Amino acid sequence: MTVNKSNAKVGMIVTVKATEDMQAPFKGRIEKVYENAALLTIADYDARDELNVKALHDKIVVSLKQLKKVS
């Protein structure tokens, strides 16, 4: 299920395709919802993104259009 402003909730677990900051798809938990984006805590990621996650301090802002709810 795709996520939009009306159904995005704090605590929701989502999957995200690779972004400019992450090389591989990852899972995260929504911490805050903005108008067109969400702040995520990165929860599960590919080993090759270890340094990226550390550099981001386990947080990333991603467009709501890129999020899919984990069922």
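A brief structural summary. Bear in mind the structure is a predicted one, so any value in this text is a computation, not a measurement.

**With respect to the overall build of the chain**
The helix and strand tally for the chain stands at 1 helix and 5 strands. Each helix and strand of the chain, ordered N terminal to C terminal, gives the series β-β-β-α-β-β. At 11 Å, the chain has a C-alpha radius of gyration in line with the 11 Å of a compact globule built from 71 residues. Viewed in the frame of its principal axes, the chain has a C-alpha envelope of about 35 × 20 × 20 Å. When the 71 residues of the chain are sorted by exposure, 32% land in the buried category.

**Some words on the pattern of salt bridges**
As a working rule, side chains carrying opposite charge can pair if their charged atoms are close by. Considering all chains together, one arrives at 3 salt bridges under this definition. Where E31 meets R29, a salt bridge forms, and the shortest distance between an N and an O atom there is 2.8 Å. Classification of E31 as partly exposed rests on a relative accessible area of 28%. Here R29 falls in the partly exposed class, since its relative accessible area comes to 37%.

**A closer look at the pairing of strand β4 (residues 59-63)**
Burial along β4 is one-sided: I60 and V62 are buried, and none of K59, V61 and S63, which face the opposite way, are. The sheet contact formed by strand β3 (residues 37-44) and β4 spans 5 bridges and is antiparallel. Looking across to β4, one finds that L40 is bridged to I60.

**Notes on the nonpolar core**
It is characteristic of soluble globular proteins that their nonpolar side chains tend to be buried jointly. The biggest cluster of nonpolar side chains holds 16 residues, and the ones touching the most others in it are V14, F26, I30, L40 and L67. Elements with a contribution of two residues or more to this core: β1 (13-16), β2 (26-33), β3 and β4. Counting residues per element, this core draws most heavily on β3, at 3 residues. The contact partners of I30, leaving out residues within four places of it in the chain, are A8, K9, V10, G11, M12, V14, A38, L39, L40 and L67.

What counts and what doesn't
- Residues numbered from 1 in each chain as written.
- Predicted model: local features only at pLDDT ≥ 70, side-chain atom pairs only at ≥ 80, totals over all residues.
- Heavy atoms only, no water.
- Helix = DSSP H or I, 4+ residues; strand = E, 2+ residues; numbered from the N terminus.
- Rg over C-alpha atoms; globule rule 2.2 N^0.38 Å.
- Buried < 20%, exposed > 50% of the residue type's maximum accessible area, 1.4 Å probe, protein only.
- Salt bridge = Lys/Arg side-chain N within 4 Å of Asp/Glu carboxyl O.
- Pairing = 2+ DSSP bridges.
- Core = buried A, V, L, I, M, F, W, Y, C linked by side-chain atoms within 4.5 Å.
- Contact = heavy atoms within 4.5 Å.

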